[in-house]
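Observations on the model geometry
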Amino acid sequence: QVQLVESGGGLVQAGGSLRLACAASGRTFSSYVMGWFRQAPGKERDFVAGITKLGTGTYYADSVKGRFTISRDNAKSTVYLQMGSLKPEDTAVYYCAGGLTLPVSFDSSRYEYWGQGTQVTVST
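This structure is a prediction, so every number in the text was calculated from the model and none was measured. (Residues numbered from 1 in each chain as written. Predicted model: local features only at pLDDT ≥ 70, side-chain atom pairs only at ≥ 80, totals over all residues. Heavy atoms only, no water.)

The next point concerns the overall build of the protein chain. When helices and strands are tallied, the protein chain shows 0 helices and 11 strands. In the protein chain, the succession of α and β elements from N to C terminus is β-β-β-β-β-β-β-β-β-β-β. Taking 14 Å as the expected radius of gyration for a compact globule of 124 residues, we find that the protein chain reaches 13 Å, a close match to that expectation. Counting across all 124 residues of the protein chain, residues that qualify as buried make up 47%. If you take every contact in the protein chain between residues at least 6 apart in sequence, the share linking residues at least 24 apart comes to 58%. For the protein chain, the computed accessible surface area is about 6100 Å², with 49% contributed by carbon and sulfur atoms. Computing the positive centroid from 12 side-chain charges and the negative centroid from 9, the protein chain places the two 5 Å apart. (Helix = DSSP H or I, 4+ residues; strand = E, 2+ residues; numbered from the N terminus. Rg over C-alpha atoms; globule rule 2.2 N^0.38 Å. Buried < 20%, exposed > 50% of the residue type's maximum accessible area, 1.4 Å probe, protein only. Contact = heavy atoms within 4.5 Å. Areas by Shrake-Rupley, 256 points an atom, 1.4 Å probe, with all protein chains shown as cover. Lys, Arg positive; Asp, Glu negative; His and termini not counted. Charge placed at Lys NZ, Arg CZ, Asp CG, Glu CD.)

Spelled out as structure tokens, the structure:
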């Protein structure tokens, strides 16, 4: 069992930056592939970024490629999402997710554990 808690969301102007963090507790963090997803009002939960167990591979949705960076610190049991050049369309609740899936999956149903979400709002 893994518990995930996100932090770092908030209100930012377009063009600004935010860093989200997701702290894990429970089973060995390095056993899990980690991902970030987001869900805007009235829309489906979409894949944003994913990272392999040891952090050697990262994957991004086309919409955030070049602007967002996912990373992890297994010693701190934490995964991060550095977001830059933010746009109003990045506004959503952001969720971190953990799974035993190999490789990183874009499919949210492949992840067993989820955080409660953190709101990111980008104003014009």
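What links the strands of a sheet is backbone hydrogen bonding, and the strands pair in either a parallel or an antiparallel sense. Sheet architecture is open: 4 strands sit in the order β1-β3-β8-β7, paired in antiparallel fashion. At either margin of the open sheet sits one strand with a lone partner, and together these are β1 (2-7) and β7 (68-73). Averaged over all adjacent pairs, the angle separating strand axes in this sheet is 15°, with direction ignored. (Pairing = 2+ DSSP bridges. Axes fitted to C-alpha atoms, helices over the stretch in contact; angles between N-to-C directions.)

Turning to the pattern of salt bridges, a few remarks are in order. On inspection of all chains with the given rule, the structure shows 3 salt bridges. Here K65 and D62 are joined by a salt bridge, their closest N and O atoms 3.1 Å apart. Accessibility assignment for this pair places K65 and D62 in one class, exposed. For R67, the salt bridge goes to D90, with nearest N and O atoms at 2.7 Å. With a gap of 23 residues between them, R67 in the loop between β6 (58-60) and β7 and D90 in the loop between β8 (78-83) and β9 (92-99) connect regions that are remote in the sequence. On the basis of relative accessibility, which here comes to 14%, the residue R67 falls in the buried class. Among the charged side chains, a network of salt bridges with common partners joins R38, R67 and D90. (Salt bridge = Lys/Arg side-chain N within 4 Å of Asp/Glu carboxyl O.)

Another point: the state of the cysteines. Summed over all chains, the structure comprises 1 disulfide. Residue C22 pairs covalently with C96 via a disulfide, S to S 1.9 Å. Residues C22 and C96 are joined by a disulfide whose S-S torsion is about 40°; by sign, that bridge is right-handed. Of this pair, C22 sits in strand β3 (residues 18-26) while C96 sits in strand β9; the two residues are 74 residues apart in sequence, bridging distant segments of the chain. C22 sits in the buried class, given a relative accessible area of 0%. Classification of C96 as buried rests on a relative accessible area of 0%. (Disulfide = S-S within 2.5 Å.)

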